[in-house]
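# Breakdown of the fold
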Amino acid sequence: MALIWEYRFDFLAGVWWTVKLSVLSALLALVLAIVAGVARSSKLRVLRIASGVYVEFFRGTSALVQLFWLFYVLPYLGIDLTPLQCATLGLGLCFGAYGAEVVRSCIQAVPQGQLDAAAALNFSYFQTLRIVILPEALIMMMPLFSNLLIELIKATSLVSLITIPDLTFQAKSIITKTYSSGNVLLVTLAIYLVISLIAASFMRRMEKVLSRGRQTGQPA
Amino acid sequence: MTEIFSWPFAAEILPALLRGAVVTFIATIGGFFASLIIGAVLLALGRSKQTAIAWLGRGLVELLRSTPLLIQVYVLFFVLPDAGIVLEPVTTGILALGLYHGAYVAEAYRAGLDSIPRGQWDAIESLRFSRFAAYRYLILPQAIAPLVPSLGNTFITMLKDTPILAAITVPELMFAANDAGSQSFRYVEPMTMAAIAYLVMSLIAAFAVFLLRQRLGTRYA
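Residues numbered from 1 in each chain as written. Chains lettered and ligands numbered in written order. Predicted model: local features only at pLDDT ≥ 70, side-chain atom pairs only at ≥ 80, totals over all residues. Heavy atoms only, no water.

### Some remarks on the UniProt feature "transmembrane region" (unreviewed entry) in chain A
All names here are of chain A. Sites flagged by UniProt as "transmembrane region" (unreviewed entry) map to residues 15-39 and 184-203. Annotated as 100% helix and 0% strand, the span residues 15-39 places its first and last C-alpha atoms 35 Å apart. The annotated region residues 184-203 carries 100% helix and 0% strand content, and the separation between its end C-alpha atoms amounts to 29 Å. (UniProt positions renumbered as here; feature names shortened; annotations may be inferred. Helix = DSSP H or I, 4+ residues; strand = E, 2+ residues; numbered from the N terminus.)

See the structure below:
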């Protein structure tokens, strides 16, 4: 354990990168998920097809493959991204696609009566979306988004393979420096566990905030 | 001026990538069966009547589900040899996939068993079925159909997780693509081909799961 204490700053630097990357890519994924999810349930066929292709493509190839592709191929196409931009974009695109499916299914689960009511009030499409559909759907989305956030945090470990000094990268380099793997990996596992637990409790709190004032609570 | 995507080079590295795809396939199938077994073990531990064992089982599921697969792969890769267990990288990889996804499979099994109505258990009791016969003829046939979608998803997710094994030198598709890239300093072709290969493989797997669901759906509807 003295070894772990000696390398505490390496661990902390790694945690900082992991957290930073998780937050940035989660925000990007959230935006993409809402845009693609709404587009997938739109009346316009072009939008449905475009978002369908996006979702199927990014769900069909693995996150690591996408990261490698962005990291190695984009420079040849004349687009130079920093590793951080690359990682944020890769994880954001991948989890945006998973999130889009969540958004789509929750939008579909909004009861027809609500839409009829919105039509009766003469709401425009965007008003219906903003005032009726999204607030209703958002509450249903929260538990599913919570799972996705945990998946995203775990997936950030992949960025260590495209040279970003996140927690996994630091753990790996401490192992190569010290030839001691057991303790280092155990501590790393524990840190990821703690980060996941904190994220899960944060999402539960958000869920409570969003469903405040509703008597029905969250539908099963 | 070289073109961005060179077809001759793509043809040249195709055999190496195909060999990688075979390893990917083996790792996926192996990991899937390992997860089916490990899932059952984890479920049995979690349902044990001994509180300590039940806690161990549930804690293990929680730990496996909330930590990255890559770290778990490293744990097996670095720690097992220290304990005197030396495995091929592929075997280590299959074991890691089996453990990580086994935790999810255990949850799926639990959901499958929970989906059986209470009355069925009462009926088994009153007809004096043996434990084995009860599971063989009544419980499993009913529990398996609802399991197919989630196990199918596990299989597809597992396929997409196999590139992680490249980190411990398993010569699967991503490893082969990276290798081809680093030998020639041309990454466009191998990376693009690998991405397309994963897309095709997971679409095929998704279609197979869809067919299986339909078949089971009509039989046990």
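Next comes the rest of the description.
### Observations regarding the interface of chain A and chain B
In this assembly, 32 residues from chain A lie in contact with 34 residues from chain B. Summed over both partners, the interface of chain A with chain B comes to about 3000 Å²; 76% of that surface belongs to carbon and sulfur atoms. Put simply, chain A and chain B have zero salt bridges between them. On the surface where chain A and chain B come into contact, there are 12 residue pairs in polar contact (both at pLDDT 80 or more). Of the residues contributing to the side of chain A that touches chain B, the split by class is 17 nonpolar, 10 polar and five charged. (Contact = heavy atoms within 4.5 Å. Buried area = accessible area lost by both parts, 1.4 Å probe. Salt bridge = Lys/Arg side-chain N within 4 Å of Asp/Glu carboxyl O. Polar contact = N/O pair within 3.5 Å; in protein donor to acceptor, adjacent residues only side chain to side chain. Nonpolar A, V, L, I, M, F, W, Y, C, P; charged D, E, K, R; others polar.)

### A word on the nonpolar core
Considering soluble globular proteins, one finds that nonpolar side chains tend to be buried as a cluster. One finds A:Phe11, A:Leu91, A:Phe95, A:Val159 and B:Met174 to be the most contacted residues of the largest nonpolar core, which totals 119 residues. Per-element accounting of this core gives the leading share, 13 residues, to helix H7 (residues 125-155) of chain A. Beyond its immediate chain neighbours, meaning those up to four positions away, A:Phe95 contacts A:Ala29, A:Leu148, A:Glu151, A:Leu152 and A:Ala155. Core analysis: the second largest hydrophobic core is formed by seven residues, A:Tyr54, A:Val55, A:Phe58 and A:Ala100 among them. (Core = buried A, V, L, I, M, F, W, Y, C linked by side-chain atoms within 4.5 Å. Buried < 20%, exposed > 50% of the residue type's maximum accessible area, 1.4 Å probe, protein only.)

### Some words on the side chain of A:Thr128
All names here are of chain A. The topology assignment puts Thr-128 in helix H7. Residue classification places Thr-128 among the buried residues on the basis of a relative accessible area of 11%. A distance of 2.7 Å separates a polar atom in the side chain of Thr-128 from the backbone oxygen of Ser-124. If we skip the residues at most four places from it in the chain, Thr-128 touches Leu-115, Ala-118, Phe-123 and Ile-133.

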